[in-house]
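Listed below, chain by chain, are the residues.
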Amino acid sequence: MSWKYALTVLGLLGSNIVAANVDIDSSLSLRGDAWNGDRDLNDEGPLSGTSAWGKAKVNSDALGQLVVNGWVRTQSSDVSRHGLVRELYWRNHFGPLDVKLGRQMIAWGRADGLNPTDYLSPRDFTLLVTEDADMRYGNESANVALETRTGLWSVFWFPQAASNTIPLATLPGVAYRIESPPESSQWALKWEGSSENIDGSLSYFNGFDPTPDLLPGGLSAQGLDVVVRNQRAKVIGGDVSWVHEGVIWRAESAWLQTDSEGRLDFSHKKPQLWLVGGPEWSFGEGGTFGIQATVRHVYDFSDPESLASGVTQDVALRQAALSGQTAQNQEGFTWRIAKRWLNDSLTLETTGVAVWPDRNGTARVKLDYAINDDLRILLGTDHYFGPEYTYFGQLQRNRLIYLQLRYGL
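Please read all numbers here as calculations on a predicted model, not as lab measurements.

A. Inspection of the pattern of salt bridges at higher detail. Under the definition given, this model contains 25 salt bridges. We note a salt bridge from Arg110 to Asp199, for which the minimum N-O separation is 2.5 Å. Of this pair, Arg110 sits in the loop between strand E5 (97-104) and strand E6 (139-148) while Asp199 sits in strand E10 (residues 198-208), and the two are 89 residues apart along the sequence. Take Asp199: its relative accessible area is 28%, and that puts it in the partly exposed class. Across the pair Asp225 and Arg177 runs a salt bridge whose closest N-O atoms are separated by 3.2 Å. Linking Asp225 in strand E12 (residues 223-229) with Arg177 in strand E8 (residues 174-178), this pair joins segments that are 48 residues apart in sequence. Using a relative accessible area of 16% as the deciding quantity, one classes Asp225 as buried. Using a relative accessible area of 39% as the deciding quantity, one classes Arg177 as partly exposed. Salt bridges sharing common partners tie together Arg39, Asp132, Arg364 and Asp382.

B. How the structure looks around unusual backbone geometry. Along the chain, Gly45 connects to Pro46 via a cis peptide bond; the corresponding omega equals 0°. Tracing the backbone through its elements, the reader meets Pro46 in the loop between strand E1 (22-35) and strand E2 (47-60). Here the phi dihedral of Leu342 falls at roughly 50°; this positive angle occurs in a residue that is not glycine. Backbone geometry at Asn343 places phi at a positive 55°, although glycine is not the residue there. By the element assignment, Asn343 lies in the loop between strand E17 (329-341) and strand E18 (346-356).

C. How the structure looks around the pairing of E1. As judged from the 14 bridges shared by E1 and E2, these two strands associate in the antiparallel manner. Each residue of the ladder has a partner; that of Ser29, found in E2, is Trp53. As defined by bridge partners, E1 adjoins strand E21 (residues 400-407) across six bridges and the pair is classed as antiparallel. Bridged to Gly32 within E21 is Leu405.

Cut-offs used in this document
- Residues numbered from 1 in each chain as written.
- Predicted model: local features only at pLDDT ≥ 70, side-chain atom pairs only at ≥ 80, totals over all residues.
- Heavy atoms only, no water.
- Salt bridge = Lys/Arg side-chain N within 4 Å of Asp/Glu carboxyl O.
- Helix = DSSP H or I, 4+ residues; strand = E, 2+ residues; numbered from the N terminus.
- Buried < 20%, exposed > 50% of the residue type's maximum accessible area, 1.4 Å probe, protein only.
- Pairing = 2+ DSSP bridges.

This is how it looks when you write it as structure tokens:
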């Protein structure tokens, strides 16, 4: 579907682009990977793969800008996607209006790592990539932004919802039925403003949560039928970033409203308030240290442990873990420490999250060495920890060690 969409758009614009005076800015990244496992919770591995990641911007004074971004890959195990058009959209300015039409990756939030307002673009959490940003891909949308003296005002409309691709643990007596994202429109609003040393935004999203819920259904020949479905969500959010005496402070918050029917509804995410924020310092030459607090309150919380033991309780526990709603109040912190050496050719970075009261989280370490201007080698590890029925603890089988050789950006 992605490639058919790309060819259709290019076919419509191609004749005009050829006839116009254009400037093309492009980049290509070739990657070879080795991993000790996958991200599908099935202990498959070791795995190897090759991929090509490309970006291009076609600029024309008469026609505006066309942006294309995508990848193709091969892997030693079977994969659901061998290629993906991540972005394919047209952009142009009409006076103070900035218009974008097509598949776009829209990332909201200024916090580092955890972004409570980020609901507009889906991700593939089963994809073997070394950066979380590479998991993201776009959704078809129309975006109109107006620059005014009071700030930048943006309106987004999506003809249909989009869903994250998530790993699903194999459960005895459970058969998953993954539904397609709803063919219903979504919309969002955003205001962004800035002044000296500070910038921020306020936003509203009305659509479908890209992270699906697990809904117990009827019985089938394989056992309990569990529906994997994206459900309604409304999100009011805001973020801010400011610099004071060389320290960068970031904060982000969001209030999520869902169609949950109350405490005993274990088939919807519950409404919640989530806040993330903290400082980032620079140290030495090429050093960065950032730490953030994360606080989440879940309304109408009820512990799935109160259900009778069995497959229904097991599904409810995994739904709570998938939603990150395993306790009414959760507190924790994130960190990022990075240091560059050898004229910035060698970078060592560690990032992570730790959350209480369930004591789950993730810790990552990555070494990035630039052999020359074009060739890099990356070595890293992802380590998940915590009880099985927690957000990070459920991913312990996805603990990974990887090695990547990358040519190009």
